[in-house]
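Observations on chain architecture
Residues per chain are reported as follows:
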Amino acid sequence: MTAYPILFSFRRCPYAIRARMALYISGQTCELREVVLRNKPAEMIELSPKATVPVMQLETGEVLEESLDIMLWTLSNHDPGGWLKPEPGTLDDMIALVEECDGPFKDNLDRYKYAPRYENADPEVHRKEAEKFLSVLNERMENSKYLFGNRPALADYAIAPFIRQFANTERTGFDAAPYPRLQSWLEAFLDAELFARVMNKY
């Protein structure tokens, strides 16, 4: 049992960023433990042997090991922005899009951004594959400001940290790419007070 939920986080990790945003917007108090990735705390590894952030231990002792689970848990308790209720579509629709981000897109993003870590990875090939998802997102916003309507919802906040990571890999190329709606969407995300709040250094 703990007084507050404990969140093991790493400031720049896109998974941790989206978990922190959901916790912040829902007003959930927690104990933040910023992890040094080269020296991960034994307590975190004991709670979650996969040893990746974010990990959250609830007051009951229950452990949430996935960022999306943390988002859904805290927003199910308090969702003042209606993140779980998109204007068109359903929560399941949003989760399906997030899973596409976390699966094929993230696989290609890693091999584009960190090619030397992967045997025979061609960063140019994986960049082009990753851009297929960027095109999908850009097309989704043809008639709306956000991915599911004209106000942001779960999918926007869950996916934006990964698009930020892609864009920062080679910013000049991203800014010149034919994704004007996605570029404006990302700029608005980066300029938002919510993003600034959860990116404080500790």
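It should be noted that the structure appears before, not after, this text.
What comes next is a walk through the structure. (Residues numbered from 1 in each chain as written. Predicted model: local features only at pLDDT ≥ 70, side-chain atom pairs only at ≥ 80, totals over all residues. Heavy atoms only, no water.)

Points about the overall build of the protein chain
To be explicit about the condition: Going along the chain from the N terminus, every DSSP run of H or I of four or more residues is numbered as a helix, and every run of E of two or more is numbered as a strand. It is over C-alpha atoms that the radius of gyration is taken, and the globule rule equals 2.2 Å times the number of residues to the power 0.38. Residue burial is assigned from relative accessible area. The probe radius is 1.4 Å, only protein chains are included, and a residue is buried under 20% of its type maximum, exposed over 50%, and partly exposed in between. In this description, contact between two residues means that some pair of their heavy atoms is separated by no more than 4.5 Å. Using a 1.4 Å probe, accessible areas were evaluated by the Shrake-Rupley method; residue-level cover was limited to the displayed protein chains.
A tally of regular secondary structure across the protein chain gives 9 helices and 4 strands. Each helix and strand of the protein chain, ordered N terminal to C terminal, gives the series β-α-β-α-β-β-α-α-α-α-α-α-α. A compact globule built from 202 residues would reach a C-alpha radius of gyration of about 17 Å, and the protein chain, at 17 Å, matches this within 12%. Across its three principal directions, the C-alpha atoms of the protein chain cover 50 × 45 × 30 Å. Looking at the protein chain as a whole, 47% of its 202 residues are labelled buried. Sequence-distant contacts, at least 24 apart, represent 67% of the contacts inside the protein chain between residues at least 6 apart. Entry remark: accessible area of the protein chain is about 10,400 Å², with carbon and sulfur atoms responsible for 48%.

With respect to the packing of helix α3 (residues 67-77) against helix α6 (residues 154-169)
For clarity, the threshold we go by: Working convention: axes come from line fits to C-alpha atoms, limited for helices to the stretch in contact. Angles between N-to-C directions cover 0 to 180 degrees. If an angle is under 35 degrees, it is roughly parallel; if it is over 145, roughly antiparallel; if it lies from 65 to 115, roughly perpendicular; otherwise it is oblique. Crossings are classed by handedness, with left-handed meaning an anticlockwise turn of the near helix from the far one by less than a right angle and right-handed meaning a clockwise turn. Residue polarity follows a fixed list, in which Ala, Val, Leu, Ile, Met, Phe, Trp, Tyr, Cys and Pro are nonpolar, Asp, Glu, Lys and Arg are charged, and the others, Gly among them, are polar.
Relative orientation of the contacting elements α3 and α6 amounts to 150 degrees, with a least axis distance of 12 Å. Overall, the two elements α3 and α6 adopt an arrangement that is roughly antiparallel. In this structure, the crossing between α3 and α6 has a hand that is right-handed. Here L68, M71, L72 and L75 of α3 come into contact with α6, specifically with L154, Y157 and A158. The residue makeup of the contact of α3 with α6, split by class, is 7 nonpolar, no polar and no charged.

A look at the environment of L75
Relative to the elements of secondary structure, L75 occurs in helix α3. Each C-alpha atom of the pair L75 and I25 lies 8.4 Å from the other, and the pair is 50 residues apart in sequence. Setting aside residues no more than four positions away along its own chain, L75 makes contact with A22, I25, S26, W83, L84 and L154.

Quick notes on α6
The condition that has to hold: By definition here, a helix of n residues has an expected span of 1.5 Å times n minus one. The reported bend at a residue is simply the angle between two axes, fitted to the 7 residues ending at it and to the 7 residues beginning with it.
In this model, α6 (16 residues) spans 24 Å end to end at C-alpha, consistent with the 22 Å of a helix rising 1.5 Å per residue. Remark: the principal bend of α6, roughly 35 degrees, maps to A160, with a proline, P161, within the next four residues.

Regarding the side chain of S48
Inspection of the secondary structure puts S48 in the loop between α2 (42-47) and β3 (55-57). Those residues in contact with S48, other than ones at most four positions away along the chain, are V55 and E65.

Looking at the packing of helix α1 (residues 14-26) against α3
For the pair α1 and α3, interaxial distance at closest approach is 8 Å and the crossing angle is 5 degrees. The orientation of α1 relative to α3 falls into the category roughly parallel. Taken together, the residues of α3 that come into contact with α1 (itself represented by Y15, R18, A19, A22, L23, I25 and S26) are S67, L68, I70, M71, W73, T74 and L75. Along the lines of polarity and charge, the residues of the contact of α1 with α3 split into 10 nonpolar, 3 polar and 1 charged.

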